[in-house]
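These are the residues of each chain, in order.
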Amino acid sequence: MPSDNYLYNDAEEEAELEFLRESLEQMDNLADKTTQLLKVFDIRLKNLGRIIAPIYKSTQKLTRLYDNIETTMGSLDDIMLFFNVSKDESDTIRAGPDENELLPYLDSINRLKDASDALKQMDLNSAAQSRHEIRELLHIGLGNLSQLFSQWLKQYSGGVDPAAYTNASEIPTFPMDSVKLLGMLATYLNLVNDEVSYDLKLTKTYASIRSRHLQKSLAQFGDMCNGYIRANSLDGPMPGQRGYSEASRSNPAEVRFCTIRNEHWYEAGMSPLAQYTVNLVKLFQAERDLVRQIMPIVISEETFLATADRPLEAFVSTGENMVSFFLSSPLYEVLHALDVYGYMLENESMMESLLSLQQNQNNGVAKLLSRLQLHISKSFTALIHLLHNPFKEGTLPKQNGGIHELAFNTLTFLLYLIGYKDLLTNIFLPLGDGHWNQGLPQDSSTVAHYASDPNDGLSIFQHYLRDVVDALSHMIDKGGKQMKRPALQFVFLINNHSYVARTLRDTMYAGDEDSQSLGLGDLVGRSALMQIEAQIDRSRKGYIATWKAVMSSFPAASLSPSEKLAMFNQGFDDMVRSQKAYEVFDNDVRAMLISDAADAVIPDYESFLRQNPDKSPEFARAMKYTPRDIHRKISSMLDD
């Protein structure tokens, strides 16, 4: 049984194998046919590609042609709009901008500008006509914007008082919203103005409006300067002018300084021109900052300089008038000039940075400073020369023995002058030691002193002060010689030298813990005080001698005691009577003169009475004063 099964299985497997072989042969045949069919399709597809390629290329050309036609149609539509833009925008442009909604107006101008640019590329008569209409509308539109710019500027350009504000940042200009609008409008106008070649004169517009604002704000200071000049000017010819005579010294400024005691001395910082300078700089700083916020940077500097031009011109003109006033004024106005010079120096660097003054060496401010410095320098020499030659017609001292006006004015001038010590040391140093003595006779009184350090401005200034005090002492000696009575001469010398000495003593602050600076006495030096005090001692001896002369009859052997006494009475009465007319207001000087007179007369008078105990009627009648009476008369001789 098992072998039969094996035979059966082999037959079945052979049958299946045969079937598979036949199936594979059929599949091979089918694959061959499929391959041939695919080859046929490939050949046909290639043929089809060759047929379609020209058609595809034609289709691309048609597409591009269509696109070009479409673009051309769009451009033609735009060109037609450019031709019509003047008509479309005319009403808007001519109506002007709405202050509250500016952008639509700017959009209209932009459309006009775009149309103008586009039509500029066309060489067509119709395009030229449209361009002309567009350009006309652009001029109207930009003109309206320029008017709006001016209108906004004028709203806050009515003037301001700069003196009411400490610094430039406090000075009110425009609200920030207005600044932003003005800045936007200025930037737009400047940009469009360049693109359309329309002369808007934006810088000129701003400068014209804001320049008037600055001038109005500063007008008060110019008026103050002119008022000061009118109130303090002197009439009469100046040196070099017709009618001026050196012999008669008809120069009213010198006459005033020599003969009228000045009671209104200049106080630092009170000059209207100094205030003008400070407030001019403050306003210019504020205006420069405003210009930088509003105007485009490319024209901001030019705009500011144009804005500041006229206010600066007015300032320089006023300054020139003040300098001319200083030149014709008494010496005490030099203090005023010094203060102005100091203020201008302090603000010079700021003005240079604001106005680019260094680029122009011939500017008015520099000339003004130069004239001020020259006048101040010459004034120091003028004072020395005046003190060395003080007395001519119109300036002779009064016959009252009082403190001479020239002495008072000179010392008071020096007391105020040292307040500018730091400024003066810088002025004196380049001028050199002793420059003020040029033209004076080279005697011992003018060349006795030298600066301790000729390369130090303070030392030179101290030398100058010492020379002024010496010249003042020289003037007092000359004034004493003008007195008509011997006693009056010595009273004049004592009175004036004592005034100088007291002034020097009272201004010696060295060693004073409460003192913050050196006084006139410190700067002049103690040796000058000692010299003045020696002159006082010599004058006192002379004064005593005049009283001794009243008793010149006492030693006379040819006269009787009663005659001697009668002559004494007459001389004493004359002396006391003349002393009544003398002006001695200093209590210490009065006490000194009374003491010297009493010491000169009373001891000798008492001695005479002791030596002449005559009780005759003639002697009794001549006996007018007791020693106590004489002391009482002398004690009251200087009373009014």
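Just so you know, these numbers come straight off a predicted model, no measurement behind them. (Residues numbered from 1 in each chain as written. Predicted model: local features only at pLDDT ≥ 70, side-chain atom pairs only at ≥ 80, totals over all residues. Heavy atoms only, no water.)

J.: Now, about the overall build of the chain: what can you tell me, with residues and values included?
T.: Across its full length, the chain carries 21 helices and zero strands. Taken across its 640 residues, the chain has 44% of its residues classed as buried. Relative to all contacts within the chain whose residues are 6 or more apart in sequence, the contacts with residues 24 or more apart total 79%. Total accessible area computed for the chain in this model is approximately 34,300 Å², and 52% of it derives from carbon and sulfur atoms. (Helix = DSSP H or I, 4+ residues; strand = E, 2+ residues; numbered from the N terminus. Buried < 20%, exposed > 50% of the residue type's maximum accessible area, 1.4 Å probe, protein only. Contact = heavy atoms within 4.5 Å. Areas by Shrake-Rupley, 256 points an atom, 1.4 Å probe, with all protein chains shown as cover.)

J.: Explain the pattern of salt bridges to me, using residue names and the numbers behind them.
T.: One pass over the full model with this rule turns up 15 salt bridges. For Glu533, the salt bridge is made with Arg505, and the minimal N-O distance between the two is 3.1 Å. With Glu533 in helix H17 (residues 526–548) and Arg505 in helix H15 (residues 486–506), the pair connects residues that are 28 residues apart, well separated along the chain. Taking relative accessible area as the criterion, Glu533 reaches 30% and is therefore assigned partly exposed. (Salt bridge = Lys/Arg side-chain N within 4 Å of Asp/Glu carboxyl O.)

J.: Please set out a negative patch on the surface residue by residue, giving values where relevant.
T.: On the surface, Asp10, Glu12, Glu13, Glu14 and Glu16 cluster together to form a negatively charged patch. Under the relative-accessibility criterion, Asp10 is labelled partly exposed at 42%. (Patch = residues over 30% accessible without salt bridge, like charges linked within 9 Å, V, L, I, M, F, W, Y side chains within 5 Å. Lys, Arg positive; Asp, Glu negative; His and termini not counted. Charge placed at Lys NZ, Arg CZ, Asp CG, Glu CD.)

J.: Pulling in residues and values, what's your account of the packing of aromatic side chains?
T.: This model, assessed by the stated rule, comprises 23 aromatic pairs. For the pair Tyr228 and Phe325, a centre-to-centre distance of 5.7 Å together with 85° between the ring planes defines the contact as edge-to-face. One end of the pair, Tyr228, is in helix H5 (residues 202–232); the other, Phe325, is in helix H8 (residues 297–327), with 97 residues separating them in the sequence. Seen in terms of ring centroids, Phe428 and Phe461 are 5.6 Å apart; in terms of plane orientation they differ by 55°. Their pairing is tilted. Separated by 33 residues along the polypeptide, Phe428 in helix H12 (residues 421–431) and Phe461 in helix H14 (residues 457–481) bring together distant segments of the chain. Taken individually, Phe428 and Phe461 each receive the classification buried, so the pair is uniform in this respect. Put simply, the rings of Tyr543, Trp547, Phe554, Phe568, Phe572, Tyr605, Phe608 and Tyr625 touch in pairs and so form one group of aromatic residues. Above the face of the Phe408 ring, Arg261 is positioned so that its terminal group lies 4.5 Å from the ring centre. (Phe/Tyr/Trp six-rings, centres within 6.5 Å; stacked < 30°, edge-to-face > 60°. Lys NZ or Arg CZ within 6 Å of the ring centre and 35° of its normal.)

J.: An account of helix H11 (residues 405–417) is needed here, citing residue identities and associated values.
T.: Taking 1.5 Å per residue as the helical rise, H11 with its 13 residues ought to reach 18 Å, and the 18 Å between its terminal C-alpha atoms agrees with that figure. Burial of H11 is extensive: eleven of the 13 residues sit out of reach of the surface. Of the residues making up H11, those classed as buried are Glu405, Leu406, Ala407, Phe408, Asn409, Thr410, Leu411, Thr412, Phe413, Leu414 and Leu417. (Expected span 1.5 Å × (residues − 1).)

J.: Outline the environment of Leu355, supporting the account with residue identities and numerical values.
T.: Take Leu355: it is sitting in helix H9 (residues 334–355). A sequence separation of 43 residues divides Leu355 from Leu312, and the C-alpha atoms of the two residues are 9.5 Å apart. For Leu355, the contacting residues outside a window of four places in its chain are Phe284, Phe304, Leu305, Ala308 and Leu312.

J.: Account for the environment of Pro252, naming residues and giving values.
T.: Turning to its location among the elements, Pro252 is positioned in helix H6 (residues 252–259). On the accessibility criterion, Pro252 (15% relative accessible area) is buried. Once the C-alpha coordinates of Pro252 and Ser328 are considered, the two residues, 76 residues apart in sequence, prove to be 8.5 Å apart.

J.: An account of the side chain of Ser539 is needed here, citing residue identities and associated values.
T.: Position of Ser539 relative to the elements: it lies in helix H17. Ser539 sits in the buried class, given a relative accessible area of 5%.

J.: Describe H8, naming the residues involved and giving the relevant values.
T.: Along an α-helix, residues three or four positions apart point the same way, because every turn accommodates 3.6 residues. Between its terminal C-alpha atoms H8 stretches 44 Å, which fits the 45 Å expected from 31 residues at 1.5 Å a residue. Its axis deflected by about 40° at Asp309, H8 carries its strongest bend there, up to four residues before the proline Pro311. (Bend = angle between axes of the 7 residues up to and from the residue.)

J.: I'd like a rundown of the packing of H17 against helix H18 (residues 561–580), residues and numbers included.
T.: Viewed as axis vectors pointing N to C, H17 and H18 meet at an angle of 140°, and their least axial separation amounts to 10 Å. By the angle between their directions, the pair H17 and H18 is classed as oblique. On H18, the residues that touch Tyr543, Thr546 and Trp547 of H17 are Phe572, Met575, Val576 and Gln579. Of the residues belonging to the contact of H17 with H18, the class tally is five nonpolar, two polar and no charged. (Axes fitted to C-alpha atoms, helices over the stretch in contact; angles between N-to-C directions. Parallel < 35°, antiparallel > 145°, perpendicular 65-115°, else oblique. Nonpolar A, V, L, I, M, F, W, Y, C, P; charged D, E, K, R; others polar.)

J.: Let's hear about the nonpolar core: which residues, and what values?
T.: Counting residues in each nonpolar core, the largest one holds 151 residues, and the members touching the most others are Phe149, Phe315, Leu417, Tyr464 and Trp547. In terms of residue count, helix H19 (residues 587–611) provides more of this core than any other element does, twelve residues in total. The residues contacting Tyr464, other than those within four sequence positions of it, are Phe380, Leu383, Ile384, Leu417, Phe428 and Trp436. (Core = buried A, V, L, I, M, F, W, Y, C linked by side-chain atoms within 4.5 Å.)

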